[in-house]
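Coordinate inspection notes
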Amino acid sequence: MASFNFSTWPPQLTPEQLEALTLAATTYALSHGLLYLPPSQSPSNTQPRIPTTAIHAPLSLVPAPFPRAQFQAARGLQSVYNVLYARIAMDTQFLDTVMGAEEGVGKADEFTGTLWRGWKKIREHGMLPLHLGLFRSDYLLHAAEDRLALKQVEFNTISSSFGPLSERVAAMHRNLLASTSYFSASPHLIAEKFPENSTTSGLVEGLAKAHEAYGVRDARILFVVQPNERNVFDQRWLEYELLEKHQIHVVRQTLADLAVSALLDPSTHALTLTLPSTNPSPYEISTIYFRASYTPSDFPSPSYYDTRFLLERSRAIKCPSLPLQLAGGKKVQEALTRPGVLERFLSNEGAKWGAQALDLTAHAADIRATWMGMWALDSEDADIVAALDHLPAGQENVPPGTRLARLKAPSLVLKPQREGGGNNVYREAIPAFLDALPAEEREAWIAMEMIETPRGVSGYLVRASPSSSGTDNGGTEKKVVRTEVISELGIFGYALFGGGEVVEREVGWLVRTKGTESNEGGVAAGFSVLDSVVLV
Ligand code: ADP
Ligand code: MG
Ligand code: MG
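Rules behind the numbers
- Residues numbered from 1 in each chain as written.
- Chains lettered and ligands numbered in written order.
- Predicted model: local features only at pLDDT ≥ 70, side-chain atom pairs only at ≥ 80, totals over all residues.
- Heavy atoms only, no water.
- UniProt positions renumbered as here; feature names shortened; annotations may be inferred.
- Donors = N, O, S within 2.8 Å, 3.2 Å for Na, K, Ca; no water.
- Helix = DSSP H or I, 4+ residues; strand = E, 2+ residues; numbered from the N terminus.
- 1 Å grid on protein atoms, 1.4 Å probe; cavity = no way out; pocket = protein on both sides within 12 Å on 5 of 7 lines; lining within 4 Å.
- Points joined across faces, edges and corners; volume = space filled by probe spheres on them.
- Nonpolar A, V, L, I, M, F, W, Y, C, P; charged D, E, K, R; others polar.

Under an unreviewed UniProt entry, the name given to the protein chain is Glutathione synthetase, and the organism recorded is Suillus placidus. According to the UniProt record, the Pathway (unreviewed entry) comment for the protein chain reads "Sulfur metabolism; glutathione biosynthesis; glutathione from L-cysteine and L-glutamate: step 2/2." On record in UniProt, under Subunit (unreviewed entry), the comment for the protein chain is "Homodimer."

Further remarks concern the coordination of the magnesium ion (ligand 3). Distances from the magnesium ion (ligand 3) to its protein donors, namely Glu154 (OE), Glu154 (OE), Asn156 (OD1) and Glu419 (OE), fall within the range 1.9 to 2.3 Å. Each donor residue of the magnesium ion (ligand 3) lies on the same chain, and together they follow the pattern E-x1-N-x262-E. Separating the magnesium ion (ligand 3) from the magnesium ion (ligand 2) is a distance of 3.7 Å, and glutamate 154 supplies a donor atom to each of them. Separated by 265 residues along the polypeptide, glutamate 154 in strand β6 (residues 147–156) and glutamate 419 in the loop between β14 (412–415) and β15 (425–426) bring together distant segments of the chain.

Glancing now at empty space enclosed by the protein. Following the criterion strictly, the structure yields four cavities of 30 Å³ or more and no others. For the largest cavity, the calculated volume is near 140 Å³. Along the wall of the largest cavity there are 15 residues; nearest its centre are Phe111, Gln325, Gly329, Gln417 and Glu419. For the lining of the largest cavity, the elements supplying multiple residues, two or more each, are α4 (110–123) and α10 (322–327). Broken down by element, the lining of the largest cavity gets its largest block of residues, three residues, from α4. Residues of the lining of the largest cavity, tallied by class, amount to six nonpolar, seven polar and two charged. Counted as a void, the second largest cavity has a volume near 120 Å³. If you go around the second largest cavity, the residues you meet are Phe6, Ala64, Pro65, Phe66, Leu140, Leu141, Thr453, Pro454, Val457, Val485, Ile486 and Ser487. Contributing elements (two or more residues each) for the lining of the second largest cavity: β4 (64–66), β5 (131–144) and β18 (480–497).

Structure (structure tokens):
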């Protein structure tokens, strides 16, 4: 076990200190754009076009302890992951087998199947522009056999959010360190244990490189956004940095907006947007950054898929392309754990599509060491069957993968092919869930061993009270909760690929902290708060 005693965290605060620190933190957040739009009051659940108020993002008062070695290891692995997922996105045959609607998970999952079918049709017509990934690989600490191991929760290839806001939380903690006496209360609360965070410029570097590769200076970057998005400031900070540091303009549009504004030139495949209210002549789009279209509710009718596929057919660089979005599926994460699969992707041979002769197989063991056990509910693999040796008879019609999930339910989470939080089934809820799950939907789910995080660490979580969202009567209610917590580390990276080499970099990090009473994470889904680290 690391020498740091997690159960001593955080240092004790008196009510007066707590109040002073909360005031300093929330004021800093409001002053520095560490913000959210308030929950919508309109019945249609759409934000007003011109917002008049904002609230501070949910945040943690004291940074979360994280071992320096594991923090650095996670950052060090990111470049391997960047290349790995680029190669997966380029491997059509692999994605067809794992995610496709004919032989893969797309059979059992309508959303995945629809995206895959759209991609299949498009790729038959040629067009191979570059792909851009802005990734986030998420980890928890796993307390196993007397030591702490870094374990991956998931790898996100679409709409990986909170880069800019996490940078601002880290800056907030650094400010509190300098400005409040509380932060001298622990020998761990010193500047050299607060790592730098410059995620915004790193993510923007990826977008700017894609724009440059497209090669039309005056083209714009399109952000595809959700109509009811509350996390707009996280997106706007990327937009401001693109304009201020790279002189690149951004256009924000929902899929519904694009159904009207988007036009594809049939011969050049250039994507242009006609926005008469802001500009008389159409904008050409260099890069399409999706902060929407990762969940079925982004597609309330089939025409929304038509719009998504029109964007895919363009020669603009998609972040992500459909194959790169599919590569981020939980089923791919599981398929990689099967014998030899990761090793093939990391080997030089696995990268036949590219000129880059980079053999990463030396890193395979380090990557595998970050994985928990995973399998498919419809699995009939020999190792799953072997693990079932002693199971009583009577479930012969149930696939071994499902039987093993039932047997090991207390230490498992089941995941469908979904993003954005709130979709998983945990531990004790698994048996009843399996009872109700139609046989033909089993293939859409994977089973994953639970990461058992160190217990006893607490945090102070601060959320803006709902009343602060409109009228000015906030501040009198109790905003801070001291509770036992789990902190999830995310490492950001980008990869621009498809032209024979992968241009990639690790670009920063994020910490989200949640109360242990919640299985889920997810700031946007309302389960966690934004945090940073103190390296111990
Ligand atoms: P999503 O794509 O919806 O974010 P995740 O795989 O990240 O799905 O799962 C959501 C949350 O569930 C994670 O942030 C984490 O808190 C929790 N979780 C997921 N997998 C595990 C696991 N194997 N062990 C412990 N917690 C997990
Ligand atoms: Mg997640
Ligand atoms: Mg995810």
